Amino acid sequence: MTWEPELEELRQRQALAREMGGPDKIARQRAAGRLTVRERIGALLDAGSFREIGSITGSGAYDETGALQSMTPTNFLCGRGRIEGRRVVVAGDDFTVRGGASDASIIEKQVAAEQMAHELRLPMIRLIEGSGGGGSVKSLEAMGYTYVPFLPGFEHMVRNLATVPVVSLGLGPIAGFGAAKVVQSHYSLLVRGQSQMFVAGPPVVAAAGQKLTKEELGSSRIHASNGAVDDDVASEQEAFERARRFLGYLPSSVHELPPRLTTGDDPERRAEFLVSAVPRDRREVYRMRPIIEAVVDTDSFFEIGRLHGRSVITGLARLDGWPVAVIASDPFVIGGLWTAASSAKLERFVNFAQTFHLPVVHLVDNPGFMIGKQAEQEATIRAGARALTAVYQATVPWCTVIIRKVFGVAGAGNQNHTRFHYRYAWPSADWGSLPIEGGIEAAYKAELDAAEDRAALAAEITQRLNRMRSPFRSAEKFQIEEIIDPRDTRKLLCEFADIAAPLRATKPLEFAYRP
């Protein structure tokens, strides 16, 4: 006597589960240019590494003798796998089974996936399509009642944000709870032309009087620009590649430190163009991204949120192999001013760096907060104060390089002034409570109004004050620690990364990360 009959039934059930929604639904998924959930998992993970959990969950149909006749698998897969040899948890919606609706799912399985990531201290990757376990009115007839809304497993998602890296890839139309799961992440993206995201989809919105297509309502470009997701990409394959690369900069959990890699890039490398990268005319703009690329390890800069809050650049990079969080002003976008959007972006990114013990490199050209009626309507000062609070709460090692402008309250966010100032400035640095050009009219109004030649007096005052604005005057008084040759920036930043490495600590967070 053996257990072979039961093992045969197990194999039968597993085979039925692998059929997903059936040949027609699979063909429809592929015809729409989308992979099935099992194909996605195979493309994301190291070959052959997926260990499925709950492989035969679903809804079975039985004959009068109790024998299994057929089975509709649940529309949610989860398990463990490896990315570049490192274990991760992966969970994915199966759109071929009732379009990912809740009445085909087993909620306990989704909760278990989030619990598994937390308790095993493994990164969590969600492949989201459909409502992600959200509501469907069809379920009312099946249940015979309705319920007060709740979010199953959401408490585990909140907890995971403070403990393990969480990545959400939106790979098709996403609504309701699925949309909430996308943004409840450290890194999220949508696929252009393939993924749309909304609180409620076009049929529901049409009932409210707005007739819109999926793209008009919630395209990837809309949400990558408003900050609901971090990026939009051209294909599912690019989405998987970006997820793998993002995780490469991070520890598996907050109980570990980010890993160092051997990049082979010389820490002493100098980029000659840096000496002329900043124009002498303060009114001229310049490109910051080439400067970033020149000072970090070659091809290591991984930008996050390029389309949102564009006056601030954020991303991950390596210095002498050490992973760091990079923040930089973008003077090409409204001069690098902090807006409500860029402040929110910076706040979230600093909290992310703090969560995963990433030293921060801040390249600064910040003329202050955005001003004007729209800025006031957007509560820029509120968002800006939150960003400043994040900077002052951060305890990870922090190095600032002042490239050009640092003015006003926003400029004070170049670093926490109460900490040791690990800070450098280029000769192009220009700082103060407000720019001279904008302050003369306010500070010298009476003299200018009384002058016979207003323009001549304004020019004389400007020339006099310009002598005071030299960064060397500030260095004399130790208001700036060191002025450097821009070509030495990489060498000094690599030195910072080496010094910072043993200072990184896995101590508990003083505050929880919020998406």
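To be clear, the structure that these remarks concern was listed above.
Residues numbered from 1 in each chain as written. Predicted model: local features only at pLDDT ≥ 70, side-chain atom pairs only at ≥ 80, totals over all residues. Heavy atoms only, no water.

Novice: Looking at this model, I keep getting lost on the overall build of the protein. Mind explaining?
Specialist: When helices and strands are tallied, the protein shows 21 helices and 17 strands. For the protein, the spread of C-alpha atoms along the three principal axes comes to 105 × 55 × 40 Å. Counting all 515 residues of the protein, 51% fall into the buried class. About 24,000 Å² of surface is accessible on the protein, with carbon and sulfur atoms providing 55% of the total. Each charge class in the protein was averaged separately, 61 positive and 62 negative side chains, and the resulting centres sit 1 Å apart. (Helix = DSSP H or I, 4+ residues; strand = E, 2+ residues; numbered from the N terminus. Buried < 20%, exposed > 50% of the residue type's maximum accessible area, 1.4 Å probe, protein only. Areas by Shrake-Rupley, 256 points an atom, 1.4 Å probe, with all protein chains shown as cover. Lys, Arg positive; Asp, Glu negative; His and termini not counted. Charge placed at Lys NZ, Arg CZ, Asp CG, Glu CD.)

Novice: Can you help me understand the packing of helix 4 (residues 107-119) against helix 6 (residues 154-161) in this one?
Specialist: In a pair of packed helices, the angle between the axes and the distance between the axes together describe the arrangement. Interhelical geometry of helix 4 versus helix 6 gives an angle of 25 degrees and a closest axis separation of 9 Å. Here helix 4 is positioned roughly parallel relative to helix 6, judged by the angle of their axes. For helix 4 against helix 6, the interelement crossing comes out left-handed. Contacts from Val111, Glu114, Gln115, Ala117 and His118 of helix 4 reach helix 6 at His156, Met157, Arg159 and Asn160. Broken down by class, the residue content of the contact of helix 4 with helix 6 amounts to three nonpolar, four polar and two charged. (Axes fitted to C-alpha atoms, helices over the stretch in contact; angles between N-to-C directions. Parallel < 35°, antiparallel > 145°, perpendicular 65-115°, else oblique. Left-handed = near helix turned anticlockwise from the far one by under 90°. Contact = heavy atoms within 4.5 Å. Nonpolar A, V, L, I, M, F, W, Y, C, P; charged D, E, K, R; others polar.)

Novice: What exactly am I supposed to notice about the pattern of salt bridges here?
Specialist: On inspection of all chains with the given rule, the structure shows 35 salt bridges. Of the charged contacts in the structure, one is a salt bridge between Arg260 and Asp498, with a shortest N-O distance of 3.8 Å. Here the residue Arg260 occupies a position in the loop between helix 11 (236-248) and helix 12 (289-295), and Asp498 occupies one in helix 21 (residues 489-500), the gap between them amounting to 238 residues. When its relative accessible area of 41% is taken as the criterion, Arg260 is described as partly exposed. When its relative accessible area of 34% is taken as the criterion, Asp498 is described as partly exposed. One salt bridge connects Asp365 with Arg404, and the closest N-O pair in it is separated by 3.2 Å. Residue Asp365 is located in strand 14 (residues 360-366), and its partner Arg404 is located in strand 15 (residues 398-407); the two are separated by 39 residues in the primary sequence. Here the salt bridges share partners, and the residues they tie into one network are Arg270, Glu272, Asp485, Arg487, Asp488 and Lys491. (Salt bridge = Lys/Arg side-chain N within 4 Å of Asp/Glu carboxyl O.)

Novice: Any chance you could explain the nonpolar core here in plain terms?
Specialist: One recurring pattern in soluble globular proteins is that nonpolar side chains are buried together. Formed by 64 residues in total, the largest nonpolar core has its most connected members in Leu44, Leu127, Leu169, Phe246, Leu316 and Phe352. Setting aside residues up to four positions removed in sequence, Phe246 forms contacts with Val167, His186, Tyr187, Phe302, Ile304, Leu316 and Phe352. Ala271, Leu274, Tyr286 and Val401 belong to the second-largest nonpolar core, a separate cluster that totals 35 residues. (Core = buried A, V, L, I, M, F, W, Y, C linked by side-chain atoms within 4.5 Å.)

Novice: Would you mind showing me how to read unusual backbone geometry here?
Specialist: Most peptide bonds adopt trans geometry, and most residues besides glycine take a negative phi value. The phi dihedral of Glu84 falls on the positive side, at around 50 degrees, and the residue is not glycine. Of note, Glu84 is situated in the loop between strand 4 (76-83) and strand 5 (86-93). The backbone of Asp299 shows a phi angle near 60 degrees, a positive value even though the residue is not glycine. On the secondary structure map, Asp299 appears in the loop between helix 12 and strand 11 (302-303). Assessed through its relative accessible area of 64%, Asp299 is described here as exposed.

Novice: What am I meant to see in the side chain of Asp265 here?
Specialist: Note that Asp265 resides in the loop between helix 11 and helix 12. Beyond its immediate chain neighbours, meaning those up to four positions away, Asp265 contacts Val296, Asp297, Thr298 and Arg490.

Novice: Hey, could you run me through the pairing of strand 6 (residues 124-130) in this one?
Specialist: As a general feature of sheets, a regular strand has side chains that alternate between the two faces. The element strand 6 is largely enclosed, with a buried count of seven among its seven residues. Relative to strand 6, strand 5 runs parallel, the two sharing four bridges. Across the sheet, Gly92 pairs through a bridge with Leu127, a residue of strand 6. The pairing of strand 6 with strand 7 (residues 166-175) spans six bridges and is parallel. If you follow Gly130 over to strand 7, its bridge partner there is Ile174. (Pairing = 2+ DSSP bridges.)

Novice: Any chance you could explain the packing of aromatic side chains here in plain terms?
Specialist: Centre distance and the angle of the planes are the two values used to describe a pair of aromatic rings. All told, the structure shown has twelve aromatic pairs when counted by the stated rule. Ring centres of Tyr187 and Phe246 lie 4.8 Å apart, and the angle between their planes is 20 degrees; this geometry places the pair in the stacked category. Residue Tyr187 is located in strand 8 (residues 187-191), and its partner Phe246 is located in helix 11; the two are separated by 59 residues in the primary sequence. Its relative accessible area of 0% is what places Phe246 among the buried residues. Between Tyr422 and Tyr424, the ring centres sit 6.0 Å apart and the planes meet at 80 degrees, which makes this aromatic pair edge-to-face. (Phe/Tyr/Trp six-rings, centres within 6.5 Å; stacked < 30°, edge-to-face > 60°.)

Novice: When you look at the pairing of strand 8 in this model, what are you seeing that I'm missing?
Specialist: Along strand 8, five of the five residues are buried, which leaves the element largely enclosed by surrounding structure. Relative to strand 8, strand 7 runs parallel, the two sharing four bridges. Looking across to strand 8, one finds that Val167 is bridged to Tyr187. Taken together, strand 7, helix 7 (residues 177-183) and strand 8 constitute a β-α-β crossover, and its handedness is right-handed. Sheet topology note: the strand 8/strand 10 (residues 231-233) ladder contains three bridges and is parallel. Paired with Val191 across the bridge in strand 10 is Val233. (Right-handed = clockwise from strand over helix to strand, strands pointing away.)

Novice: Teacher, can you tell me more about the environment of Ile403 here?
Specialist: On the secondary structure map, Ile403 appears in strand 15. For the pair formed by Ile403 and Ser428, sequence separation is 25 residues and the distance between their alpha carbons is 6.4 Å.

Novice: How should the state of the cysteines be read in this particular structure?
Specialist: Put plainly, two cysteines are in a disulfide when a covalent bond ties their sulfur atoms together. As enumerated under the stated definition, the model contains zero disulfides in all. Free of any disulfide, Cys399 has its nearest cysteine sulfur in Cys494, 11 Å distant. (Disulfide = S-S within 2.5 Å.)

Novice: Quick question: what am I supposed to make of the side chain of Gln354 here?
Specialist: By secondary structure assignment, the location of Gln354 is in helix 13 (residues 340-355). Aside from chain neighbours lying at most four places away, what touches Gln354 is Ala394, Thr395, Val396, Leu509 and Phe511.

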